Amino acid sequence: MILQIPELCLVALIGASSSGKSTFARKHFKATEVLSSDYFRGLLTDDENNLEITREAFELLHHVAAKRLGLGKLTVIDATSLQKDARAQILKTARANDVLTVALVLDIPEATLLERHEARPDRHFPASVIRKHAYQLKNSIRNLEKEGFRQVHVLKPEDLDTLVIERKPLYNNLKHLHGPFDFIGDVHGCFEELRELLLELGYTVTDDLQAHHPEGRMAVFVGDLVDRGPDSVGVLRLVMNMMNAGHALCVPGNHDEKLKRYLLGKRVTLRHGLEKTAEQLEHTSEDFKKEVRLFLEKLVSHCLLDDGQVVVAHAGLIEKYHGRTSGRVREFCLYGDTTGETDPEGFPVRLDWSKDYRGKARVVYGHVAVKEAQWVNNTIDIDTGCVFGGKLTALRYPELTTHSVQARQVYHEPGKQLKALLNAQQAADQSLRWQDFAREKFIETAVGTVRIPEANNIAALETASRFALDPRWLVFLPPTVSPAHTSEREDVLEHPEDAFKYYQKQGLTHVVCEEKHMGSRAVVIVCSTPEVAQSRFGLSEPRAGVMYSRTGRTFFNDAALEQAFLERMQQALKKSGFWDTFQTDWVCLDGELLPWSFKATSLLKEQYAATGTSGTHALSTAVALLEKHPQAKEHLAQAKARLDNLQHYMQAYRNYCQAVNSLEDLRFAPFHLLATEGHVYTDKTHLWHMETLEKLCEADVLLLSTPYQVVDLNHEESIQQAIRWWETLTEQSKEGMVVKPMDFVPERKVQPTLKIRGREYLRIIYGPEYTAHLDRLRKRALGAKRERATREFHLGIEALRRFVHHEPLWKVHECVLGILALESEGIDPRL
């Protein structure tokens, strides 16, 4: 005997004491799924038979049941449940969590119950209780369905030995379907526009109203197939044929639901377009009307697709209702979040549920007509008002591109409320709430979960809210970079051979070495036209783009200089053919802005120059005085050595000091082409990035190409050549170089970049006399720095991926603020 129950439900085991409910539960359910009233009595008092604690035990039982159901876990209540009040509490718990209820009734003869009771020494109540239970069971069975149990299964003793319980997926669980999908907005009887849209999407549409896509794509209709338009019958025929052939899915809209009630003979008012559909159906056969009724009756309120990553519901759906089954879930799917009131035109007063949506799944819906389909917090409304003279829109998945066809005419004049919506662009809600960030976070990335402690998140939130630029630009922050292992060579702290040995040990065969510019790390976003800043980044005013620092702060205090820089970048990208080559209207680049003194003026004046000036004055005076005393030769030598180190220190920072009087004095050296519309370029090698950006730099002297070398780690000469190059760079007062794996994201979890800085440059970092303390500095701990570099690197990539895939701004900023949060950790800033 096979008994099917929903995969997510609340199961009530109903039966008299000694009917074998606990034994039955152990046989057919996991131990963690079964909540026994006896267990909770024992949990509270160490005595499972203590009936005095029954009320408290059931309070605890239902609390745990609610928690499990809230997490989407099937739950079984093992109790007699013979009283209507007890069953009412079970039904209440199920309704509160929008799950179905199943009653499994163990109908065991009274004689068998009494026999078992006598054999149980742990039961200290009289046999009269068993007789009472048996009587209550008989009276309960006939009322279970009326009380609200969705399934009632009465099991006799002869059923129990052969019984097999199967868990059946809910009708809305279509997670096994992975697409690709074409979600289609509210059609409202606009048959010709639907046919045109399907043809544009590549579907074959035949004269007998059959349609399919040659590549196996599946159309998914978000409801409201009928009413207001000229040919609801044609739309119904086409969609029903596609569904019968397995080429389409459909969820019901509120207009479809009303048509179903009309075809069932229910009392409905023929208005809001239903009168047109009823008139069109009058010219069809009774068999067709019956077919339409049966089709509408089978439609499920919403569907979960592609492992639950996408949810489709006519009016949208909040996260806690995803995959649930109840009357209020269906109401939400059909009508959205409403106040229960109606406006003067008779339409429900709606609440905007999407602005507070924080779910992981994308929600595709319609119902409320908008001028353009836009992503709002991982949700998108694709009803673009075709029947009102707008467009019929489809969203392609997983591409996440929209395609539309213009309505041939205005088929139905919208009321004042709808007209206001259609005349105004939908505003994508990109507001950020501090509550989303001021807590401990576990952020999923491609290589695992990154934990951000609450205190660090609060520190990052403070920094971002006070100093960062408009958050809608902040789609990426660069990670910190760790040095290679500390060198054991006598005269240096860092040397390239240590980076090469590290990557060799990790199994890599090739790395890319790049000159490390002494500049300021900068992220540049450039838009092909100023309007892209509004349409893609949600800015209120058009802009050419933005440049910002590692902490999300603007680089330019002079707005005119920034505008000139970005316009030059625009022209360089256009001249190089970048926009056409990459089929994009924006780009995000990672690089260095030179000279260093452009952003480090205050640091130079207040720290480096102050140290150099005061130290030179003091030591020069000391040398002059000591030279007058021949007996102080040893002290004189020390003073001269310290003065020499100080002069090397001053020369080191002076190498990077240049006056910036105009745009011509600036240079931007890009080394990562991070992202364009629809693509994050972490799938390309670092060599590809350098070659691609080298071509871009040819377009304008403002752009500085970064010298680089590819090193074969299996050939000693290739390694030695790179070492000689580093020595040449550092002898020329350059900062040094960085070493990166050939693959942007290597298969193995290795350091994404290692920096090797020159001996003289490190004087700026560790002080004029650091070479006298190399033995102590070699003990510097790099573990925390390396761990942070890796975590920040993957958070940055995840932020870009989320932005490119049109995830909501708060999801992008989970990662961006995560990087800022990690920067607040107490790690030696000199590393």
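A quick note: this is a predicted structure, and the numbers were derived from the prediction, not measured.

A. Examining the overall build of the protein more closely. In terms of helices and strands, the protein carries 28 helices and 34 strands. With the C-alpha coordinates of the protein rotated into their principal frame, the extents come out at 120 × 80 × 55 Å. Sorting the 831 residues of the protein into buried and exposed places 54% on the buried side. Residue pairs in contact within the protein that sit at least 24 positions apart in sequence constitute 72% of those at least 6 positions apart. Accessible surface computed for the protein: about 37800 Å², of which carbon and sulfur atoms make up 49%.

B. Just the packing of helix α16 (residues 454-467) against helix α28 (residues 809-823), in detail. Where α16 meets α28, the axes come as close as 8 Å, and the angle between the chain directions of the two elements is 105°. Relative to α28, the element α16 lies roughly perpendicular. Residue-level contacts link N456, N457, A460, L461 and A464 of α16 to L817, L820 and A821 of α28. For the contact of α16 with α28, a count of residues per class yields six nonpolar, two polar and no charged.

C. Molecular detail of the side chain of K785. Tracing the chain through its elements places K785 in helix α27 (residues 783-804). For the buried residue K785, which engages in no salt bridge, the nearest side chain bearing the opposite charge is E823, 6.1 Å off. When residues no more than four places from it in sequence are discounted, the contact partners of K785 are T480, V481, S482, P483, I827 and L831.

D. A look at the environment of V370. Considering the arrangement of structural elements, one finds V370 in the loop between β18 (362-365) and β19 (375-376). Spatially, the C-alpha atoms of V370 and G545 are 28 Å apart, while their sequence positions differ by 175 residues.

E. Quick peek at helix α6 (residues 127-141). The end-to-end C-alpha separation of α6 is 22 Å, in line with the 21 Å expected for 15 residues at 1.5 Å each. All buried positions along α6 are accounted for by A127, I130, H133, A134, Q136, L137 and S140. Summarising the contacts, the buried residues of α6 are in contact with β2 (9-14), α4 (84-96), β5 (100-106), α5 (110-118) and α7 (144-147).

F. Up close: a nonpolar patch on the surface. Judged by side-chain polarity, Y39, L43 and L44 come together as a nonpolar surface patch covering roughly 300 Å² of accessible area. Position of L43 relative to the elements: it lies in helix α2 (residues 37-45).

G. Inspection of α27 at higher detail. Under the 1.5 Å per step criterion, the end-to-end length of α27 is 32 Å for 22 residues, consistent within 8% with the ideal 32 Å. The element α27 is extensively covered by neighbouring structure, given that 18 of its 22 residues are classed as buried. Positioned one or two residues after α27, H806 has a phi angle of 60°, which is positive.

H. Up close: the packing of helix α17 (residues 496-505) against helix α24 (residues 716-731). Two elements in contact, α17 and α24, have axes whose closest approach is 9 Å; the angle formed by their N-to-C orientations is 145°. In this structure, α17 crosses over α24, and the sense of that crossing is right-handed. Contacts between α17 and α24 pair P496, E497, F500 and Q504 from the former with I719, A722, I723 and W726 from the latter. Of the residues assigned to the contact of α17 with α24, the class counts are six nonpolar, one polar and one charged.

I. A look at the packing of aromatic side chains. According to the stated counting rule, one finds 23 aromatic pairs in the structure shown. Judged by centre distance (5.1 Å) and plane angle (20°), the ring pair of F537 and F803 falls under stacked. Residue F537 is located in the loop between α18 (532-535) and β28 (545-548), and its partner F803 is located in helix α27; the two are separated by 266 residues in the primary sequence. Each member of the pair, F537 as well as F803, carries the same accessibility label: buried. Consider the rings of F556 and F598, whose centres lie 5.7 Å apart with planes at 55°: the pair is tilted. On the criterion of sequence distance, the pair formed by F556 in the loop between β28 and α19 (559-575) and F598 in helix α21 (residues 597-626) is long-range, its members being 42 residues apart. We note R536 situated over the ring of F803; from NZ or CZ to the ring centre the distance is 4.0 Å.

J. Seen up close, the pattern of salt bridges. Counted according to the given criterion, the structure contains 47 salt bridges. Of the charged contacts, one joins D98 and R328 as a salt bridge, the two residues approaching to 2.7 Å between their closest N and O atoms. Here the residue D98 occupies a position in the loop between α4 and β5, and R328 occupies one in helix α14 (residues 327-335), the gap between them amounting to 230 residues. Under the relative-accessibility criterion, D98 is labelled buried at 3%.

K. Summary view of the environment of V368. Tracing the sequence through the fold places V368 in the loop between β18 and β19. Sequence-wise, V368 and H322 are 46 residues apart; in three dimensions their C-alpha atoms are separated by 20 Å.

L. The arrangement of the state of the cysteines in detail. All chains considered together, the criterion is met by zero disulfides. Free cysteine: C190, not disulfide-bonded; nearest cysteine sulfur from C386 at 3.8 Å. According to the relative accessible area criterion, C190 is buried, its value standing at 0%.

M. Quick peek at the nonpolar core. With 49 residues, the main nonpolar core has I5, V11, I14, F24, F29 and L104 as its most contacted residues. Every residue in contact with F29, bar those within four places of it in the chain, is listed here: I5, V11, F24, V34, L74, V76, L104, I165 and R167. Of all hydrophobic cores here, the second largest spans 44 residues; its members include L201, Y203, V268 and A394.

N. Inspection of the sheet that holds strand β31 (residues 679-680) at higher detail. Here five strands make up an open sheet; going across it, the order is β28-β27-β29-β30-β31 and the pairing antiparallel. The open sheet has two free edges, formed respectively by β28 and β31, since each of these has just one partner strand. Across the sheet, α19 lies against β27 (520-527), β28, β29 (586-594) and β30 (667-676), angled at about 65° from β27, the strand it touches most.

O. Expanded view of the sheet that holds strand β21 (residues 391-397). Reading across the sheet, the five strands line up as β13-β12-β9-β21-β22 and stay open at both edges, with mixed pairing between neighbours. Unpaired on one side and paired on the other, β13 (248-250) and β22 (401-406) mark the two borders of the sheet. Between one strand axis and the next, the sheet turns through 20° on average, direction left out of account. Set on the sheet, helix α9 (residues 191-200) makes contact with β9 (181-184), β12 (218-221), β21 and β22; between it and β22 the angle comes to about 140°. With respect to the sheet, helix α10 (residues 232-244) is in contact with β12 and β13, its orientation differing from that of β13 by roughly 115°.

P. Quick look at the confidence of the model for the protein. Averaged over every residue, the pLDDT of the protein is 89; residues scoring 70 or more account for 96%. Scored below 50 in pLDDT, residues 424-429 makes 18 contacts in the model with residues more than four places away or belonging to other chains.

Q. Highlighting the environment of H367. Mapped onto the secondary structure, H367 falls in the loop between β18 and β19. A sequence separation of 53 residues divides H367 from H314, and the C-alpha atoms of the two residues are 5.9 Å apart. If near-sequence neighbours (up to four positions away) are discounted, H367 is found in contact with D186, N254, H314, A315, L334, Y335, R350 and D383. In terms of polar contacts, H367 uses its side chain to reach the backbone carbonyl oxygen of Y335, at 3.4 Å.

R. Structural view of the pairing of strand β14 (residues 302-305). Burial of the side chains of β14 extends over both faces: H302 and L304 are buried on one face and C303 and L305 on the other. In this structure, strand β8 (residues 173-174) lies alongside β14, joined through two bridges in parallel fashion. In the strand pairing of β14, L174 is matched with L305. The pairing of β14 with strand β15 (residues 310-313) spans four bridges and is classified as antiparallel. Considered in β15, the bridge of L304 is made with V311.

Cut-offs applied
Residues numbered from 1 in each chain as written. Predicted model: local features only at pLDDT ≥ 70, side-chain atom pairs only at ≥ 80, totals over all residues. Heavy atoms only, no water. Helix = DSSP H or I, 4+ residues; strand = E, 2+ residues; numbered from the N terminus. Buried < 20%, exposed > 50% of the residue type's maximum accessible area, 1.4 Å probe, protein only. Contact = heavy atoms within 4.5 Å. Areas by Shrake-Rupley, 256 points an atom, 1.4 Å probe, with all protein chains shown as cover. Axes fitted to C-alpha atoms, helices over the stretch in contact; angles between N-to-C directions. Parallel < 35°, antiparallel > 145°, perpendicular 65-115°, else oblique. Nonpolar A, V, L, I, M, F, W, Y, C, P; charged D, E, K, R; others polar. Lys, Arg positive; Asp, Glu negative; His and termini not counted. Salt bridge = Lys/Arg side-chain N within 4 Å of Asp/Glu carboxyl O. Expected span 1.5 Å × (residues − 1). Patch = residues over 30% accessible without salt bridge, like charges linked within 9 Å, V, L, I, M, F, W, Y side chains within 5 Å. Left-handed = near helix turned anticlockwise from the far one by under 90°. Phe/Tyr/Trp six-rings, centres within 6.5 Å; stacked < 30°, edge-to-face > 60°. Lys NZ or Arg CZ within 6 Å of the ring centre and 35° of its normal. Disulfide = S-S within 2.5 Å. Core = buried A, V, L, I, M, F, W, Y, C linked by side-chain atoms within 4.5 Å. Pairing = 2+ DSSP bridges. pLDDT = per-residue confidence, 0-100. Polar contact = N/O pair within 3.5 Å; in protein donor to acceptor, adjacent residues only side chain to side chain.

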